[in-house]
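What follows is the residue order along each chain.
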There are 2 protein chains.
Amino acid sequence: MALSRDESIVALGRASATDSAVDTVVRQIRELIAEAGLKVGDSLPTERELCAQFNASRNTVREAMRILKAYGLVDVRPKIGATITDNRMSRAFELFSFNTMEVSRKTFQDVQAFRDLLEVGSVEQIFDRLKDRDLDDLHRINGQLAENHDLQEASEIDFAFHVRLVSILDNAAILDVYKVMKPIILRIMQKGKTRRTFKTETFSEHEDVLAALSARDRLGFQYRLRTHLMTGFRNFNDEMEATA
Amino acid sequence: MALSRDESIVALGRASATDSAVDTVVRQIRELIAEAGLKVGDSLPTERELCAQFNASRNTVREAMRILKAYGLVDVRPKIGATITDNRMSRAFELFSFNTMEVSRKTFQDVQAFRDLLEVGSVEQIFDRLKDRDLDDLHRINGQLAENHDLQEASEIDFAFHVRLVSILDNAAILDVYKVMKPIILRIMQKGKTRRTFKTETFSEHEDVLAALSARDRLGFQYRLRTHLMTGFRNFNDEMEATA
DNA sequence: CTTAGGAATCTTGGTCCAACAAATAGGCGG
DNA sequence: CCGCCTATTTGTTGGACCAAGATTCCTAAG
């Protein structure tokens, strides 16, 4: 299988032999931001100044700015110029809003396996760090699930429950990754479910997980959480086949 | 403070009164993909054909393509043209590799804990999927570690070894995350080590892990891999304190 | 006659330039 | 204080050239 070209070079900001002029300018602008210590809200030089500074044509600079805009790092407005922003998280979510291309089934499977690894696999660390406050929050969030919500709201609460669970790990890297996968996870949660499903099945599955958590029952926690995750994904798979 | 303009219009593909020409072309290309039912691997028309089709200048089309490239939806190669891809997941994770700013000690700890979870925690799935070919590759990669390399090369090989290990899971999402963490992992690997350390200690620790893997010894695998990871991080911590 | 090799040509993305349009910040005058 | 004007800046266009991969076509060997 032929791998697609590694475009992440741009993202990682390292110089490369295969750098195009646009890639170079992207890197130079990022270096400029870093060296000048520019923060969110600060302004970048005008396009023409960047042209002169980096010895590139205006089109090249503009294409570089398009990339930075797409990554949610700058916000360009006519006459105002470019200012530093940080919309990376919302950009990450938007990536999957493209109705253009359906997210592949393999992607869903991978994400679900990832969730299993993160949530079920981290049982030792979760129990090590578990505080009463965590249990209170989780109960409170799950309580909202029993109220009346539409499908979108219910899945958001379901997601919030799992985020809160993962947050027990107190690991920013893991939490960020989990949040980035949110759009995919939401779709997994919604497929094959009704408002009623969330209020009854999902709610009680969560309660079972919390009971095991409260009782410091590691095996029970793992079993119930894994079962819960598999149940959701089974619904998802049924729906995928039905619509296929 | 003024809110930044809502660029997500582009992502959601709805026409808007404030659409720029580039936004319009992005939407048109997306509609083209949807209507023509183009799948991953299919080719898009050439830039010049898109110009004629959408009645836009070439620069405008190019800026639109830059956006689609940044979103990981198309892959453009000179003389070949643009082909449909779907690297949205890895793009989403890459968004957060823009953290060139100084990495805090907490970040290193989090990443190391993440690695432990990914590599040690996935033992069941690894053993389920393990093929002879995986072991061959791992031995070959580790063999390179025994050769003479400078610190940078050695850490790259060390990283390649762990990537190959994780790749056994056949999970693109996990692999993407692991690759995004590469810069940080490399720094963890390099701290407190010498060229000699890689050739001797790291090499033999890897060999121990592979021996357990070959013997299908799950507990031994977990123990040795975890020990290996902790050893590396202990070096890292010592160095951090020494330089602090 | 067939065909493999290579040379000439065509195509295509990458870059640059110049010009104009549109929008607005900031100054000027009332 | 308010409204108009202008200079500046981004947005867009069309055209040009380049480098290199793809294609075509010719040639020469078999």
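Caption draft 1: Representation of the pattern of salt bridges. According to the stated counting rule, one finds 35 salt bridges over all chains in the structure shown. Here Asp137(A) makes a salt bridge to Arg140(A), at a shortest N to O gap of 3.2 Å. Here the residue Asp137(A) and the residue Arg140(A) both occupy positions in helix H8 (residues 132–145), the gap between them amounting to three residues, near one helical turn. Judged by relative accessible area, which is 12%, Asp137(A) ranks as buried. The closest approach of N and O atoms between Lys193(B) and Asp158(B), which form a salt bridge, is 3.7 Å. Of the two residues, Lys193(B) is situated in the loop between helix H11 (182–190) and helix H12 (195–214) and Asp158(B) in helix H9 (residues 151–167); the sequence distance between them amounts to 35 residues. Take Lys193(B): its relative accessible area is 11%, and that puts it in the buried class. When salt bridges that share partners are traced, they join Glu47(A), Arg58(A), Arg62(A), Arg66(A) and Glu63(B) into one network.

Caption draft 2: The arrangement of the protein's contact with DNA strand C in detail. Among the 21 residues in the neighbourhood of DNA strand C, the closest are listed as Ala21(A), Thr60(A), Arg58(B), Arg62(B) and Lys79(B). If you look at DNA strand C and keep only atoms within 4 Å of the protein, 60% of those are sugar or phosphate atoms. Ala21(A) has a polar backbone atom sitting 2.3 Å from a phosphate oxygen of DNA strand C. Interatomic distance of 3.2 Å between a backbone N/O atom of Glu47(B) and a phosphate oxygen of DNA strand C. Only helix H2 (21–36) and helix H4 (58–70) of chain A together with helix H3 (47–54), helix H4 (58–70) and strand E1 (74–77) of chain B provide two or more residues apiece to the surface near DNA strand C. If one sorts the elements of the surface near DNA strand C by residue count, H4(B) sits on top with four residues.

Caption draft 3: Looking closely at the packing of aromatic side chains. Residue and element names in this part refer to chain A. Taken as a whole, this structure holds five aromatic pairs over all chains when the rule is applied. For the ring pair phenylalanine 127 and phenylalanine 221, a centre distance of 5.4 Å and an interplane angle of 80 degrees mean the geometry is edge-to-face. Of the two residues, phenylalanine 127 sits in helix H7 (residues 123–129) while phenylalanine 221 sits in helix H13 (residues 218–243), which places them 94 residues apart along the sequence. Residue phenylalanine 127 shares its accessibility class with phenylalanine 221, and that shared class is buried.

Definitions and limits used
- Residues numbered from 1 in each chain as written.
- Chains lettered and ligands numbered in written order.
- Predicted model: local features only at pLDDT ≥ 70, side-chain atom pairs only at ≥ 80, totals over all residues.
- Heavy atoms only, no water.
- Salt bridge = Lys/Arg side-chain N within 4 Å of Asp/Glu carboxyl O.
- Helix = DSSP H or I, 4+ residues; strand = E, 2+ residues; numbered from the N terminus.
- Buried < 20%, exposed > 50% of the residue type's maximum accessible area, 1.4 Å probe, protein only.
- Near = heavy atom within 4 Å.
- Polar contact = N/O pair within 3.5 Å; in protein donor to acceptor, adjacent residues only side chain to side chain.
- Phe/Tyr/Trp six-rings, centres within 6.5 Å; stacked < 30°, edge-to-face > 60°.

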